[in-house]
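Working through the structure, step by step
So the chains spell out like this:
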Amino acid sequence: MVHRVMEKDVCIAGGGPAGLILGMLLAKAGVDVIVLESHDNFDREYRGEVLQPRFLQLLEQVNLRSYIESFPSSKVRKGALYYKDKRLGEFSFDNISKEIPYALWMPQPILLQALYDKAKSLPSFELLFRAGVKELRYEGERVTGAIAQTPEGTLEVRARVTVGADGRFSAVSRLGGFEMEYEHLAGDLIWFTIPKPDDWGDELRLKITDGYGYIILPKYPNCLQVGVAVPLGEWKAIREHGIEPFRQELLAAHPAFREFAEALTDFKPFVLLQVKDFYVKQWAKDGCLLIGDAAHCASPVGAVGVSLSVTTAVIAADVIYDALQDGDVSADRLGRVQALRDSEIRSVHKMQARAARMFFTSTPFIRTFAPVVISLVTRTKLLAAVQRRVLSLSGKVPIHERFTFQD
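These notes cover the structure that comes with them. (Residues numbered from 1 in each chain as written. Predicted model: local features only at pLDDT ≥ 70, side-chain atom pairs only at ≥ 80, totals over all residues. Heavy atoms only, no water.)

1. Quick word on empty space enclosed by the protein
- If you walk through the whole model with that rule in mind, you get one cavity of 30 Å³ or more.
- Space inside the largest cavity adds up to approximately 50 Å³.
- Lining the largest cavity, in full, are Ile21, Met24, Leu25, Leu58, Leu59, Val62, Leu64, Val310 and Val314.
- When contributions to the lining of the largest cavity are tallied by element, the ones reaching two or more residues are helix H1 (17–28), helix H2 (53–61) and helix H10 (305–326).
- Looking at the lining of the largest cavity element by element, the count peaks at three residues for H1.
- Residues belonging to the lining of the largest cavity are distributed by class as follows: nine nonpolar, no polar and no charged. (1 Å grid on protein atoms, 1.4 Å probe; cavity = no way out; pocket = protein on both sides within 12 Å on 5 of 7 lines; lining within 4 Å. Points joined across faces, edges and corners; volume = space filled by probe spheres on them. Helix = DSSP H or I, 4+ residues; strand = E, 2+ residues; numbered from the N terminus. Nonpolar A, V, L, I, M, F, W, Y, C, P; charged D, E, K, R; others polar.)

2. A short note on the sheet that holds strand S7 (residues 103–105)
- Here we have three strands laid out as an open sheet, ordered S3-S7-S4, and antiparallel in their pairing. What marks the edges here is a single partner per strand, and that holds for strand S3 (50–51) and strand S4 (74–76).
- Bridging between S4 and S7 involves three bridges; their strand directions are antiparallel. Counterpart to Val76 in the pairing with S7 is Ala103. (Pairing = 2+ DSSP bridges.)

3. Brief notes about H1
- In this model H1 runs 16 Å from its N-terminal to its C-terminal C-alpha over twelve residues, within 8% of the 16 Å that 1.5 Å per residue would give.
- Among the residues of H1, Pro17, Ala18, Gly19, Leu20, Ile21, Leu22, Gly23, Met24, Leu25, Leu26 and Ala27 are the ones counted as buried.
- Note on H1: the residue one or two positions beyond its end, Gly30, has a positive phi of about 90°. (Expected span 1.5 Å × (residues − 1). Buried < 20%, exposed > 50% of the residue type's maximum accessible area, 1.4 Å probe, protein only.)

4. A short note on the pattern of salt bridges
- Enumeration over the complete set of coordinates arrives at 26 salt bridges.
- Glu344 serves as the salt-bridge partner of Arg54, at 2.8 Å between the closest nitrogen and oxygen. Of this pair, Arg54 sits in helix H2 while Glu344 sits in helix H12 (residues 336–359), and the two are 290 residues apart along the sequence.
- Classification of Arg54 as buried rests on a relative accessible area of 1%. (Salt bridge = Lys/Arg side-chain N within 4 Å of Asp/Glu carboxyl O.)

5. Some details on H2
- Most of H2 sits inside the fold, with eight of its nine residues counted as buried.
- For H2, the set of buried residues is Pro53, Arg54, Phe55, Leu56, Gln57, Leu58, Leu59 and Gln61.
- At the exit of H2 stands Asn63, carrying a positive phi of roughly 65°.

6. Quick notes on the packing of H10 against H12
- Interhelical geometry of H10 versus H12 gives an angle of 165° and a closest axis separation of 9 Å. Relative to H12, H10 is oriented roughly antiparallel. Considering only the axes of H10 and H12, their crossing is right-handed. In this structure, H10 uses Leu308, Thr311, Thr312, Ile315, Ala316 and Val319 to contact H12, whose residues at the interface are Arg336, Val337, Leu340, Arg341, Glu344, Ile345 and Val348.
- When the residues that make up the contact of H10 with H12 are grouped by side-chain class, the tally is eight nonpolar, two polar and three charged. (Axes fitted to C-alpha atoms, helices over the stretch in contact; angles between N-to-C directions. Parallel < 35°, antiparallel > 145°, perpendicular 65-115°, else oblique. Left-handed = near helix turned anticlockwise from the far one by under 90°. Contact = heavy atoms within 4.5 Å.)

7. Notes on the packing of aromatic side chains
- Tallying each qualifying case throughout the model produces 21 aromatic pairs.
- On the basis of an interplanar angle of 80° and a centroid distance of 5.2 Å, the ring pair of Tyr67 and Phe71 is categorised as edge-to-face.
- When its relative accessible area of 22% is taken as the criterion, Tyr67 is described as partly exposed.
- Ring pairs connect the aromatic residues Phe192, Tyr212, Tyr214, Trp235, Phe246, Phe257, Phe260, Phe267 and Phe270, which therefore count as one cluster.
- If you follow Lys118 out to its NZ or CZ, it ends over the ring of Tyr67, 4.4 Å from the centre.
- When the ring centre of Phe403 is taken as reference, the NZ or CZ atom of Arg402 above it lies at 5.6 Å. (Phe/Tyr/Trp six-rings, centres within 6.5 Å; stacked < 30°, edge-to-face > 60°. Lys NZ or Arg CZ within 6 Å of the ring centre and 35° of its normal.)

8. Topic: the nonpolar core
- Formed by 115 residues in total, the largest nonpolar core has its most connected members in Val10, Leu22, Leu36 and Ile320.
- Residues contacting Leu22, with those up to four places away along its chain left out, are Ile12, Val163, Ile291, Ala313, Ala316, Ala317 and Ile320.
- If you look at the next biggest cluster of nonpolar residues, it comprises 25 residues, including Phe192, Ile194, Trp235 and Phe257. (Core = buried A, V, L, I, M, F, W, Y, C linked by side-chain atoms within 4.5 Å.)

Take a look at the structure:
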């Protein structure tokens, strides 16, 4: 086993969308970057597969939208809300963004590989798989890099800026002693995938039954991804009662679930994702910055997490580049990222929390009242206004020409 040492301008922990886009933009501007990814590859499922209009608007600004949309994907153009079998209302992405009237469904392995293929053509970009960060380097109080464990041995990266883009269970956040300001856990989304009926089209559906709430999404290429909204603490009890009661719930919930539910013998086909958001009190320390889910984890409500994280990454690229040029990587300087993102992140978290309280409740009164509220909201302009605020950019994010790709 060997101990390697390398020097970089920026060391990024985490090869997800935020980490790859930050690394790619910095490398495009000539910054020497390495991304350390703890996993063997980009294989991801039930995470970050819905790319909202705001994500595509950002790609448009750096001239990568056409490139990304050339890869296998499908478009979600409209949605509907149901109470049992009654259609309460609908919405269209036309009302969210006239320029990009759809969300893009792209499996995350395809997205990440596409970003990596673009990034690795840049001479100052490097990515290492199976490189999990185990320690941070320090000079006094300032973070000066990271030490990762690789199959070949330890790797010491000496860097002027170290970025934690390593998700909700961030090693950089833990090792750096970052403090949480708040954390909310609404419940669990229990995911499964089934074939998409021929007549389904490109519509996503939100459905409330007497039992649970359901999110039903068209999944590339010809499936439906279904999330069952289980209130906090109930999944354990459901499993303890055995598969039969839950199988009956799915059989009653929607005809499209029938074949899947009839074949169930255990809980193995289900994947649990916590519906959690949190906000780190201070995202920056001297020489170190958290971005994306490591700093401001969004819940799955609204499927906006990737878009929010990538917006932060784009802004971070500009802040980090200027900090490196000026030789000032202090917490105050890197903390400009949080100052620019704070208001929107907090606002989205509040809206997600309100929606989650209605969708994940087990209180009979709220569950009875929810369809009335949903029906009223969809008949006014309020729903479209909220969606535009969360799913679309209100204006262009300032992006310097140095980060823009050529055709």
